[in-house]
Each structure stands twice: as C-alpha cells, then as structure tokens.
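Structure assessment
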Amino acid sequence: MPPDNAEGPSEQEMALITNWIEQGAIGPTGEMPSRQRIRTPQIPTDANVVHPITAIATNSNGKLIAKATYGTIAIVIAGLADAPPLRTIDTNTGKINSLQFSNDGSRLLVGSGETGAVGTAAIYSIETAEKLSEFTGHRDSVYVAKFSPDEKLIATGGYDRDIILWDVGSEQVMQTLKGHNGAINDLAFSPDGKVLVSGSSDETVKVWNVATGNRLDTMSQSEAEVLSVEVTADGLAIVAAGADNRLRVYKLLSKDKPQTNSIVATRFVDESAIVGLAFSPDQRAIIAVSEAGNIKVLRTDNWKPIAALESIADTPSDVCVRTNIAGGVEFLIASMDGKIVTRELPPIMPEDEHGETSDVQPVYLDLGPPSLLDEAELRESGEKSSLLTVSRNVEITGAIDQAGEVDRYQFTARRGEVWAIDADATPGSQLDPQLRIVDVSGQRVLRTRLQAVRDSYFTFRGKDSKQSDDFRMFAWQEMHLDDYVYASGEVTRLWMYPRGPDSGFNVYPGRGNRWTYFDTNHVTHALGEPAYVVRPLASDAQPAANGLPVFDVYYENDDDPSGVAGKNSRLLLTVPEDGGYTVCVSDTRDQGSNGVDKLSYAYRLKIRPAQPSFTAKMNAIGKPIHQGSGRECTITINRIDGFSGDVILDLDALPPGLHSTFPVTVEAGQSETEAMLWADADCPQWDGEPEPSVTATAMISGRRVERSAGSVGKLKWAAPPQATVKIMSTNKDTELTTGDIPWTLAIRRGETVSARVVMNRQDSFTNEISFGKEFAGRGTTFGVYVDNIGLNGLLLLAGETEREFFITADPVSKLGKRMFYLQANVDGGITSPPIWIEMIE
C-alpha cells in the first residue's frame, strides 16, 4: 500500500503490472535467501575483545564444561580453565541461549537463533563436533531447549511464545503448545517426563501434559517475568523465580488431569531479578543468582535462605552445578564479561542449628506471696534516686506525678527466669500505663529479631487497633496460616484465609479483639501501609541478605497483647543473662498529675514470677435438643502468662440416646473450640433436665492442671425439628451411620475433598437454609475448613434438599481424627450428626 497522502499507481500502471505477471514475470536469480542468516554487513570484532558467555552446562560427572559465546561452543575440561578447548563447535545459528548435555555426556543440545528471524535447536556430538540433528520451526530466537528424561523428546521455547515438542529420532514436531502471551524463558520436565513446566514473560508458570499437549494449570502469582523454573527430583514441587525478586514453590499436583497446584512457599530473595536457579546434587539446597550478581542459598526442606555467597562482578547469564574431585559441590556462574565464576556450596546444617527459637530455656519460679511496697514510702525512707531498687516478686503502688515522668524499679534476675510484669491503672486513674525494660547500662533489652521474608501492604481499607477480621493484603495467596505479619511495630498472626471474593484474612484469635505477638502494641494501620511476613531469628542466627528489613523487637508496650486487660500494660520477660533489670513505668501520652491529685495518675505495678495457666469458660446450650439432630456449645480458653499448649475438655455421662463430640481439644495457641451433643432419631425422652459438667485439663511444666469449664447447660428433650441434616459421601452408595459410629472422610494436608449435605424437610418446610459463611465447618482441627463458599456461604436454596460442598486441609493441620459437623439456621441452630475427618500424610 502507498504511504498516507501519497498517490497510488494509475490505471495504466496497474494494467502494465498485471500484464507483466500474466506473461510470466521472471524472478531474481541465484540462491534463495535463508531466514537463518541475517543479511547485514559483517564487521570483524577486535582480536582482544571479550566475548560474553551466554550459556553454560556440565556433563553428569562434572568433568566437562560447555560454554557458549555468539555462534561458538567451547568444550573444556573442568579445572583446566587456561588450557585450549577440548572441542570447539561452530553453530552459525546466532546467539546461543541454552546448553544441555545428554545423560551419557556424548551429545550436547543447543538452543539458539537470530532475533526476529529464526529459532533453532540442534544436537551435536561431543566426540566429533558434528551436528547430529536439527529442529527448526520457531519464528524467533530459541531461549531454552531441554531433553525429556528418556531423551526421546526435546522441548523448545523462545521469543515467539510457542513451545514445541520434537521427536528426537524423526526430528518431527509432536506437539505445539500455545497459551503463553509472552516469551518462553525456561522449561523443565518432571522426572517421569509426563509433565512439562514453562516460565514466561507473561508473568505465569504453566503446567502441560506432554502426551496430549493439554494445559493442566496456570500459576499467576508472579508480579513480573518468570525467568527460571525447576522441578524437584522427586517430582513433588515446582520452583519458579524471576523479575519480581522472589522464589516461589508450588506443590505439583496436576500430573494427569487439570488441578490447582497450591503454592507452598514464597521467598523474597534479592533486590534484583532472579535470573537463574540450580539445585545441589542431593537436592538439599538450591541457589538463586540475581541480575545484580548476588548469589543466595536456600535449604529445600523449608525453603529458607541460609547463606549469601560472594557476589560476582558482572551480570550473570547462566548457572550450572558440578561435583568436584574432592566431593564438594560447586556452582558455575557464567557472566557477560566472559568469565566463569565458581562458588562452593556451604554445609547445610540441621535445622535445629538454624532454629527460630531462643536458646534460653525458661525457668518458672514459685516465690510465694509478693511483697507490698509503696513508691512514696520508698522515697521517704531514703531512696532519693529516680532509680528504686526493689526485691524480687513485688507489688508496688505508685503514681506519675509530673508530665513526662518515668518511674524506675530495678530488680535482679537470672538467665532463663520468666517474669510477668503488669502495670494497671488504679480505679479512677487517668493513666495509660506504658512499660519498658532496660539493663544496668540503661539500654533497652532485646526480645527478638524478626527477619522479613516477603513484603506486602494493606489493600481495600485500613485497620483499627482492635479488628481481627478482613485483613486484606497484597499478594495474600502467597501467605500461609500461622505466618507472623509485621506492620508499624505490631506483630499479628494469620488465622484464617479469605473465604470468598469479598473477604480478607482473620488474624488470631480469629474473633473479637486481635492478639499481638512478642508483646508488641496494637496499632491502627492505614490503607497502603507496608507489611511484612516475618520469622523470628535465634539469638545467634545471622539475618538472610534478601533485601528485606530486619526488625528489632524490645521488651516494651503500652497494652495487653491479648486485649484482656484493656489499656493496661503486660510484658513477659524471659531473662537473657544474669544481672540487674529496670522496669520503667510512664504514661503513654507523657501526662501526669502535676501535683494536683496523685491518685489521678496512680498505678499498681507487679513484678512477679510467671505462672503459666489457663481458665475455661463454657457457652452453654440454651435450646432443646431435637430427635435426629444436635446442638452446639463453645468453650473459650483464657491463656495466662504465656501458656500455649493443648487443653482437653471432657464431659460427664449423658442420658441414653444422646451422644457428644467430647472429648475435644483446644489446640495449642488457639482460644476456643466447638463441641456438639446430638440425639438419635429414636432417642427416648430423658427424665428431668440433666446438666453435665465439663472438665478442662492440660499439661503445664510437667504437671497436670485441671479446671472446671462449667456445664453444657440444662438438657431439654424435643421432638424432631422442621428439618434434619446429614453429611453424606459424594459416593451415594455410602450411607451415614447414626449413633456412636460416624463414617470417616480422609483428607491429606494441602488437598480438597468433597461431601454432600442432605436435608430431610417436613412437607411444609421449604425455606432457604444457611450453614454459615467462613465458619460453616464446625469442630474441625485448625486449618481444615469449608472451601469455595462464595458470597452467600454454604446454602441450600428454597426447596433444595442436597448439595455438594468442599473441605480443604491446610498444610498446618494436625494429623489424626476429629469430629466434624454442620450447623443449620433451622429451629434456632440445629446441627447434623458428626462425621470423622481424618488427616493423613
């Protein structure tokens, strides 16, 4: 077509061209141009120029190294860097982007191409440098070429966005895999060769069935180009990294059919793009090489960074691994300055040597009743200094007399002792107490250090200082239950995933006012405020050099981390070393009585030995129990002085025909659990209104501690309700057993299973029935929940009698069996008889 505003051919000119074509126009003579050769002037390079190394590979025994520069591959003997190449292969196919030795080391697979022209893969003989096979079909440069494990296929991908599977023997195309919207940067086969994983510039990782070419899953968590992918040697996980500076690990589940490959871990590795990954031969470690030349080592049992190796001077282009003569593991990193840099893998120490917990063993004391002291009397008796020395285990009455005043009380303590320090405003006092602990030199005492392992921020809306629900976080899919989250000095912990399109995380305890951890303060958070997933470091552990901050947390706060004591302050001090420690008391707002009325800013300070314990409270059943259904009660545990273990609750005997899910457990770190009583369909009416009691027990410091939790309530018998509920298998041949032997639904950690809820309605009862939203599943172990609930939760529409629902088990879920049931909004909240959910490996 002519350019815009240009006059096109005239009618006479068009007729002349037509006549020329019809008479058989003679084309140009000579050799047809090749797409594989760019027809541009060849400008010779200076003899002393350094050629960038664009790809590198080693054979299986690590004795040979192949290194590529533009159009040329040199085969060298490892350890003889200055010796002439053993073999040189001239490909004449443009820039070489990918190298891989065959399993026996006799052949070399090369991926290369000319930008904007052609992409090709070829197999060369190591012995003769002869080209054995060639695979040409890409419309642009090939970035990656990989043998299948049996070497019958190769997979190629590049800038044209296509993935091609080739038959090695016939050199024919077996499959062309389309679906990526960006360049294919890396490919990896599963060890059995059934699955191919691709990483692309379209910010996704895709999983493909090799036999059919079908796409099995797309993982879209990446926030920038995916530059490197690997599959673990056991075929259980995919590792991906790229330009968003993060390494992600996915559980490889979609092997035979489409399935969601859940994310296992996300690690912020470096401040620049991750351009290469390589496993150690034993798969215990993986290294990540960044665009800036930084090299990080991560252990593969928990994907935590454990070392930062010496950086390289120039931009890396490729990485491979070999075992040297001495048996050590070496990573070879090729760079654009024409060098190959070697870095040795450091020892991978057992996890307990890189633990997250303090090395100080807690010591709990029994010192009897506290000594009662008065601040004013102490000063009148001769203590004129602002620092008052007090005995161990005291209760002090004092006051903040002047604005900005800090009262200081020093006591001695020994390593490992655990002290509970409480500062309460006295009745009528305006004081908002604040506590801080310093050592004899006046320095704040470090409680812990927190290493940030990924970054995020608050989305949708901010959070007040009490809210525990709807924490909406950027990239929440990469966060996990029990993760610690640090934001503006406050540390919370994730308790429940978002359960639908319009929800966010719940943080501990899951309901009510939120808890904080490491004695940090409750803080209001703004929309867009930075937040970090963090992990505590052992006192002797070195922070990972991952480009994210490390936060020091000191013994100080101005409120109770559990929220029970309101504005009063609580600290739990585990003494790091023998010595003197000073408790500083002040007003959060730096206010005081200023001599007007001391009682207006009075406080009561306790410095006492911690006594881990708990109390239990029952939310009793208040409605009749209908035949063929049940009623729920809940038990809340108040944890005291750092007690975090299991609490087991048991119930007295019940009337005939009535059953319960007791004994139930409030799991370690949790605040409550549900229990349920249900009646057989033919349960006889019992005499009176029995009131069985519940007993709570726990093991604390080697002692059995028992507390009364109260009664489940006065039990009243009732005839069948308007509808009864059952949980049935999706296999309709499986029947629910009523009575004492519910059926069992097995589920593995990280997987989702399904069941059916079946409603037996009376003829006149056609109402819509709700089983709840995020709390639809009842009685489960922590981390097991009803999934895929949408906006309306688990629901039976008007007239419906059954539907399938889904149950997911998070990897944090405990192994074992626990009863599960549903609660319907019928007759004030009836429940189904329970089933067993068994968590298995």
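Reading the values: rules and limits
- Residues numbered from 1 in each chain as written.
- Predicted model: local features only at pLDDT ≥ 70, side-chain atom pairs only at ≥ 80, totals over all residues.
- Heavy atoms only, no water.
- Phe/Tyr/Trp six-rings, centres within 6.5 Å; stacked < 30°, edge-to-face > 60°.
- Buried < 20%, exposed > 50% of the residue type's maximum accessible area, 1.4 Å probe, protein only.
- Helix = DSSP H or I, 4+ residues; strand = E, 2+ residues; numbered from the N terminus.
- Contact = heavy atoms within 4.5 Å.
- Salt bridge = Lys/Arg side-chain N within 4 Å of Asp/Glu carboxyl O.

1. Overview of the packing of aromatic side chains
Under the defined criterion, the tally for this structure stands at 19 aromatic pairs. Ring geometry for F411 against W419: centres 5.3 Å apart, planes inclined by 65 degrees, an arrangement best described as edge-to-face. As far as the burial class goes, F411 and W419 line up, both buried. Residues Y508 and Y517 carry aromatic rings whose centres are separated by 6.1 Å and whose planes lie at 85 degrees to one another, so their mutual orientation is edge-to-face.

2. Description of the environment of S222
For S222, the location among the structural elements is in the loop between strand 16 (215-219) and strand 17 (226-231). Using a relative accessible area of 9% as the deciding quantity, one classes S222 as buried. Setting aside its immediate chain neighbours within four residues, S222 contacts E203, D244 and R248.

3. Topic: the pattern of salt bridges
Applying the stated rule across the entire model yields 39 salt bridges. Between R444 and E556 there is a salt bridge, with the nearest N and O atoms lying 3.1 Å from each other. With R444 in the loop between strand 33 (433-439) and strand 34 (446-457) and E556 in strand 40 (residues 556-557), the pair connects residues that are 112 residues apart, well separated along the chain. With its nearest N and O atoms 3.1 Å apart, the salt bridge here joins E802 to R756. Of this pair, E802 sits in strand 61 (residues 802-809) while R756 is found in strand 56 (residues 752-761), placing the two residues 46 residues apart along the sequence. Overall, E802 belongs to the partly exposed group, its relative accessible area being 31%. Taking relative accessible area as the criterion, R756 reaches 8% and is therefore assigned buried. Put simply, E223, D244, R248, R454 and E478 are held in one network by salt bridges that share partners.

Read these as spatial facts, not as claims about activity.
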